[in-house]
Amino acid sequence: MPLVFAELYKLLATEKRYSRTLEDQLASIHLPLEWLGEAKDAYDTKWKADLEYLSSEDVSDYALTEQHSQFATWMLAGLHISGACCELSTKLEAAVIARALNEVERLQAPLPPVLSPTIIGWTLGSVIGTKGSDLPVAPSLQSSDENVRAAFEGLIEHVLALQMMSDPWSEMMQTAMYWRGYGLAEALRPDAGSGGPALKQLRLETFSSMAEAHRLEIGNHLDSFGQRRNALSHIADDQSRLRFVDVIDEVRQSSGIELTMRAMTQFVFHDIAREIREQPPTVVRLGAWETMEREIQVWS
């Protein structure tokens, strides 16, 4: 939505710690740093014009094409050296929620995905969870790896299905996260040889972009992830691993589904940002703003 990009570029324009990096990045396609303010104003004008026609029921119909979110993610991906992105994400979410609830008549929380932005691993995403959950999150661009893309989409489908079900969930609905998470880690870092080393490598690569509280919580969860997965895959008792019955009891009493989803979202989004830095989307080119501006042009 125009509101999301207006608030995002407003934040990027005012956060001076990002200025040097953003200036260099924009210069690569012949845009000055001052463009951030110009873009903020243009998106804000488009949002205010749309407000005359949209309603709380059809707000999603006024979403912009994907080129806007792809360009924004390219901008964000370049900021990966800045450390954690959680503060920027929180500010963006709060600004969009406050304005949307105030400016769209009868709009209520939770807001639709087009008005639920978040930044994870320096990739822009939309919260698509039900019942007000901040999970799962859909990325603005998909992974270039077909296996990773399909596996993560399946993980999202699984979590959305669970959110529609009443507690308690069946044992296999809970433990399936361990198989998919382990396999997804292997797909993201195949050179690691197996899921265990892949998880360790992904943790080292991604944790700098996370808030400390999430980093510690997810880290503790992943410490026993491989052991639990092995016990769930090999049911017979074996002194070399945890007992199957003990693991399923632990899983039923833990927040493992949420933590696994957070970890895998972090890993996938981090990898998408890496891909964007190495191979920017087609919208990132000379004349990019002119192309996007035509879509949001408001004629008086």
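Residues numbered from 1 in each chain as written. Predicted model: local features only at pLDDT ≥ 70, side-chain atom pairs only at ≥ 80, totals over all residues. Heavy atoms only, no water.

Trainee: For this particular structure, what's the right way to read the pattern of salt bridges?
Mentor: Two side chains of opposite charge can pair, provided their charged atoms sit close to one another. Going through the model one piece at a time under the given rule, you end up with 21 salt bridges. The partner of Glu 15 in a salt bridge is Arg 17, and the shortest N-O contact between them spans 3.3 Å. Overall, Arg 17 belongs to the partly exposed group, its relative accessible area being 48%. In this structure, the salt-bridge partner of Lys 91 is Glu 15, at a minimum N-O distance of 2.8 Å. Note that Lys 91 is positioned in helix 5 (residues 86–103) and Glu 15 in the loop between helix 1 (2–14) and helix 2 (19–27), a separation of 76 residues in sequence. Residues participating in the shared-partner salt-bridge network are Glu 7, Asp 44, Lys 48, Arg 99 and Glu 103. (Salt bridge = Lys/Arg side-chain N within 4 Å of Asp/Glu carboxyl O. Buried < 20%, exposed > 50% of the residue type's maximum accessible area, 1.4 Å probe, protein only. Helix = DSSP H or I, 4+ residues; strand = E, 2+ residues; numbered from the N terminus.)

Trainee: Help me understand the nonpolar core in this model?
Mentor: Generally speaking, nonpolar side chains in soluble globular proteins are found buried as a group. Membership of the largest hydrophobic core comes to 91 residues, with the highest contact counts inside it found for Tyr 9, Leu 12, Trp 35, Tyr 43, Phe 71 and Leu 115. Broken down by element, this core gets its largest block of residues, 11 residues, from helix 12 (residues 256–278). Residues contacting Tyr 43, with those up to four places away along its chain left out, are Pro 2, Phe 5, Ala 6, Tyr 9, Leu 64, His 68, Trp 289, Met 292 and Ile 296. (Core = buried A, V, L, I, M, F, W, Y, C linked by side-chain atoms within 4.5 Å. Contact = heavy atoms within 4.5 Å.)

Trainee: Any chance you could explain unusual backbone geometry here in plain terms?
Mentor: Residues other than glycine predominantly adopt negative phi, and peptide bonds predominantly adopt the trans conformation. Going from Ala 109 to Pro 110, the amide bond is cis rather than trans, its omega being 0°. Here Pro 110 lies in the loop between helix 5 and strand 1 (117–120). A cis amide bond links Leu 135 to the next residue, Pro 136, at an omega of -5°. With respect to the element layout, Pro 136 can be found in the loop between strand 2 (123–127) and strand 3 (137–139). Phi angles above zero are rare outside glycine, and Arg 106 is one such case at about 65°. Structurally, Arg 106 is set in the loop between helix 5 and strand 1.

Trainee: Got a minute to help me understand the environment of Ala 161 in this structure?
Mentor: Summarising the element assignment, Ala 161 is placed in helix 6 (residues 146–163). Each C-alpha atom, one on Ala 161 and one on Thr 130, is 9.7 Å from the other, the two residues being 31 residues apart in sequence.

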